[in-house]
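Spelled out from the first residue to the last, the chains are:
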Amino acid sequence: DLGVGTYQITIVDQNSCSLTTNNSVSSAPLPVLGLEEIGQISCPGAVDGTIAVHVSGGILDYNYQWTINNAILPFEATGSSTISMSNISEPGEYLLKVASRGFTDFNDPSGYVTTTINLTTPEEVIIQNATVNNISCNGAQDGSITITPTGGTAYQYKLDFFDPWTDFNGNTIPITSGGFYDVYLRNENGCEATPLLDMLVEEPEELLISDILTTNASAADSNDGAIDIVLQGGTLPYSFLWTGPNG
């Protein structure tokens, strides 16, 4: 194996006739690394990260080698001008070395070009807090579930597994009728939080007068009359506002 330089070669035949020639051995031109297209891993546990590095110059086929989080992979060759990796699940540092055809000693930095690409760890979507605000009156439709999400910049929610997703604005999910609800939440990448199951939003029964018992006064100037009202529904305790002939 010859290094870079000029070599003189003398050839002698059987009759001692000789021929001398000078030849130069030069290094292969280095490739040029261009545009890097990076697709970050979308969610914890997802296998959808991608890297594509465009290469020009040098001599095809290119030899290249990946080092992933300090783990060195065997070198490979490609006739393509794009070196790519897909279905990535591991975040961290991806070091790529690229050399022209014939160069395979990736311990010698003089023969390759390199780039480092970082894939970030995707955030886990978490519902930090949840507070149920019960409906105030029967039919009032003013209940809500208040939640504090983390792990994203925009969210959508649904209240049943089969419901369509709805944009989540602020931190309150409106509830119009009492019952049990399952809260599902996802971020802008489609990563879902662990759902909150069986959240009970209470709604009072309708406030009704079930019976009115009237006792007439014994005389016009007597104060021994009475009105007894029997109520059902609503929320205890009850309060009463009376108005009559005397205010």
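Residues numbered from 1 in each chain as written. Predicted model: local features only at pLDDT ≥ 70, side-chain atom pairs only at ≥ 80, totals over all residues. Heavy atoms only, no water.

## A short note on the sheet that holds strand β13 (residues 155-158)
What counts here: When DSSP finds at least two bridges between two strands, those strands are taken to pair. Runs of E in the DSSP output that reach at least two residues are strands. Runs of H or I that reach at least four are helices, and both are numbered from the N terminus. Think of each axis as a best-fit line through the C-alpha atoms, taken over the contacting stretch in the case of a helix, with angles from 0 to 180 degrees between the N-to-C directions.
On the basis of which strands lie adjacent, the open sheet formed by four strands has the order β14-β13-β16-β17 and antiparallel pairing. The open sheet has two edge strands, β14 (166-168) and β17 (196-201), and neither has a second partner. Between one strand axis and the next, the sheet turns through 40° on average, direction left out of account. The sheet contact formed by strand β16 (residues 179-187) and β17 spans four bridges and is antiparallel. The partner of F180 across the bridge, within β17, is L200.

## Digging into the packing of aromatic side chains
Cut-off, in case you're wondering: Two aromatic rings from Phe, Tyr or Trp, using only the six-membered ring of Trp, form a pair when their centres are within 6.5 Å; if the ring planes differ by under 30 degrees the pair is stacked, by over 60 it is edge-to-face, and anything between is tilted. Whether a residue is buried, partly exposed or exposed follows from its accessible area with a 1.4 Å probe, protein chains only, as a fraction of its type maximum: under 20%, in between, or over 50%, in that order.
The tally for this structure, following the rule as stated, stands at seven aromatic pairs. Taking 6.5 Å as the distance between ring centres and 80° as the angle between the ring planes, the aromatic pair formed by W66 and Y94 counts as edge-to-face. One end of the pair, W66, is in strand β5 (residues 62-68); the other, Y94, is in strand β9 (residues 92-99), with 28 residues separating them in the sequence. On the numbers, 5.8 Å between centres and 40° between planes, the contact of F106 with Y112 is tilted. Of the two residues examined, F106 and Y112, each falls in the buried class.

## Some words on the state of the cysteines
To keep things clear, this is the line we draw: Any cysteine sulfur atom paired with another within 2.5 Å is treated as part of a disulfide.
According to the stated counting rule, one finds one disulfide in the structure shown. A disulfide bridge connects C43 with C191, and the sulfur atoms are separated by 1.8 Å. On the sign convention where negative means left-handed, the S-S torsion of about -90° between C43 and C191 marks this disulfide as left-handed. Highlighted residues: C43 in the loop between β3 (31-39) and β4 (49-57) and C191 in the loop between β16 and β17, separated in sequence by 148 residues. The class of C43 is buried, set by a relative accessible area of 13%.

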